[in-house]
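Commentary on secondary and tertiary structure
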Amino acid sequence: TICLTGIGIACAADSQLFRFMRANKERERENQSTVKVLKTGLWRYSRHPNHFGEALWWIGFGIFSIASGGPWWTAVGWVFNHACDWGVTLFLIEDRMLQRKDREAEFRRYQQETSLIIPLPPTLSTDARVREQKERHVTPSSEKEEEEEEQQQ
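Residues numbered from 1 in each chain as written. Predicted model: local features only at pLDDT ≥ 70, side-chain atom pairs only at ≥ 80, totals over all residues. Heavy atoms only, no water.

**Quick look at the pattern of salt bridges**
Counted according to the given criterion, the structure contains eight salt bridges. The closest approach of N and O atoms between Glu26 and Arg29, which form a salt bridge, is 2.6 Å. Note that Glu26 and Arg29 are positioned in helix H1 (residues 2-29) at a spacing of three residues, about one turn of the helix. Of the residues examined, Arg29 reaches a relative accessible area of 58% and is grouped as exposed. With a shortest N-O distance of 3.0 Å, Arg47 and Glu94 are connected by a salt bridge. Taken as a pair, Arg47 in the loop between H1 and helix H2 (49-67) and Glu94 in helix H3 (residues 76-99) lie far apart in primary sequence, 47 residues in all. The same class applies to Arg47 as to Glu94, namely buried. When salt bridges that share partners are traced, they join Lys36, Arg100 and Asp102 into one network. (Salt bridge = Lys/Arg side-chain N within 4 Å of Asp/Glu carboxyl O. Helix = DSSP H or I, 4+ residues; strand = E, 2+ residues; numbered from the N terminus. Buried < 20%, exposed > 50% of the residue type's maximum accessible area, 1.4 Å probe, protein only.)

Encoded structure:
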């Protein structure tokens, strides 16, 4: 079940990414502005849902190999894969996303709002919330007062 869930997530995420890239190429051909960061579908909850799906596959495979009586070292493959993927590959991808100046600011915000791997509900980090308050010229105390007023009404 874990393996099949992982394959399903990875396949769905890769399909969403493919459609996003194809739509952007079409926008370029029509001289329209492109969407800088994919933030819909599974990509709303994880910056790398395809890698999360692959990780689930490998975890499920490792559990199966050990549960079926395989030696302990059968888990070495998926541990090594996780270390390489999560410790190197993802950070190279993140750096590449920041290289293009036209999407750097939007991707940094996406990084603050969205989990790296594990799909979680999007949130604003404290830094992003403070920046948003400054943009609206609202101090944390006045924002709290506004909330209290809304609750009283």
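**A short note on H3**
In this model, H3 (24 residues) spans 34 Å end to end at C-alpha, consistent with the 34 Å of a helix rising 1.5 Å per residue. Along its length, H3 shows its largest kink, about 35°, at Asp85. Burial in H3 covers these residues: Trp78, His82, Asp85, Leu90, Ile93, Glu94, Met97 and Leu98. At its buried positions, H3 is contacted by H2 and helix H4 (101-113). (Expected span 1.5 Å × (residues − 1). Bend = angle between axes of the 7 residues up to and from the residue. Contact = heavy atoms within 4.5 Å.)

**Quick notes on the environment of Leu98**
Positionally, Leu98 belongs in helix H3. The class of Leu98 is buried, set by a relative accessible area of 13%. The spacing of Leu98 and Arg108 is ten residues in sequence and 7.7 Å in space, taken between C-alpha atoms. With near-sequence residues (within four places) excluded, Leu98 lies in contact with Glu104, Phe107, Arg108 and Gln111.

**Remarks on unusual backbone geometry**
Of note in this structure, Asn31 is not a glycine but carries a positive phi near 55°. Among the residues examined, Asn31 registers a relative accessible area of 73% and is labelled exposed.

**Structural notes on the nonpolar core**
The biggest cluster of nonpolar side chains holds 15 residues, and the ones touching the most others in it are Trp43, Phe52, Phe107 and Tyr110. Considering each element in turn, this core owes the most residues, four residues, to H3. Among residues more than four places away in sequence, those in contact with Trp43 are Ala13, Gln16, Leu17, Leu38, His48, Pro49, Asn50, Tyr110 and Thr114. (Core = buried A, V, L, I, M, F, W, Y, C linked by side-chain atoms within 4.5 Å.)

**Focus on the packing of aromatic side chains**
Taken as a whole and assessed by the stated rule, the structure comprises four aromatic pairs. When the ring of Trp58 is compared with that of Phe61, the centres are 5.9 Å apart and the planes differ by 85°; the resulting orientation is edge-to-face. In this pair, Trp58 and Phe61 are both assigned in helix H2, three residues apart and thus about one turn of the helix distant. Among the residues examined, Phe61 registers a relative accessible area of 36% and is labelled partly exposed. Taken together, a centroid distance of 5.7 Å and an interplanar angle of 55° make the contact between Phe107 and Tyr110 tilted. (Phe/Tyr/Trp six-rings, centres within 6.5 Å; stacked < 30°, edge-to-face > 60°.)

**Focus on a nonpolar patch on the surface**
The grouping of Trp72, Trp73, Val76 and Phe80 at the surface amounts to a nonpolar patch, some 560 Å² of accessible area in total. With respect to the element layout, Trp72 can be found in the loop between H2 and H3. A relative accessible area of 68% means that Trp72 is categorised as exposed. (Patch = residues over 30% accessible without salt bridge, like charges linked within 9 Å, V, L, I, M, F, W, Y side chains within 5 Å. Areas by Shrake-Rupley, 256 points an atom, 1.4 Å probe, with all protein chains shown as cover.)

**Quick look at H2**
Across its 19 residues, H2 extends 27 Å between first and last C-alpha, which sits within 8% of the 27 Å expected from 1.5 Å per residue. Among the residues of H2, Pro49, Asn50, His51, Phe52, Gly53, Ala55, Leu56, Gly60, Gly62 and Ser65 are the ones counted as buried. Its buried side turned inward, H2 meets H1 and H3.

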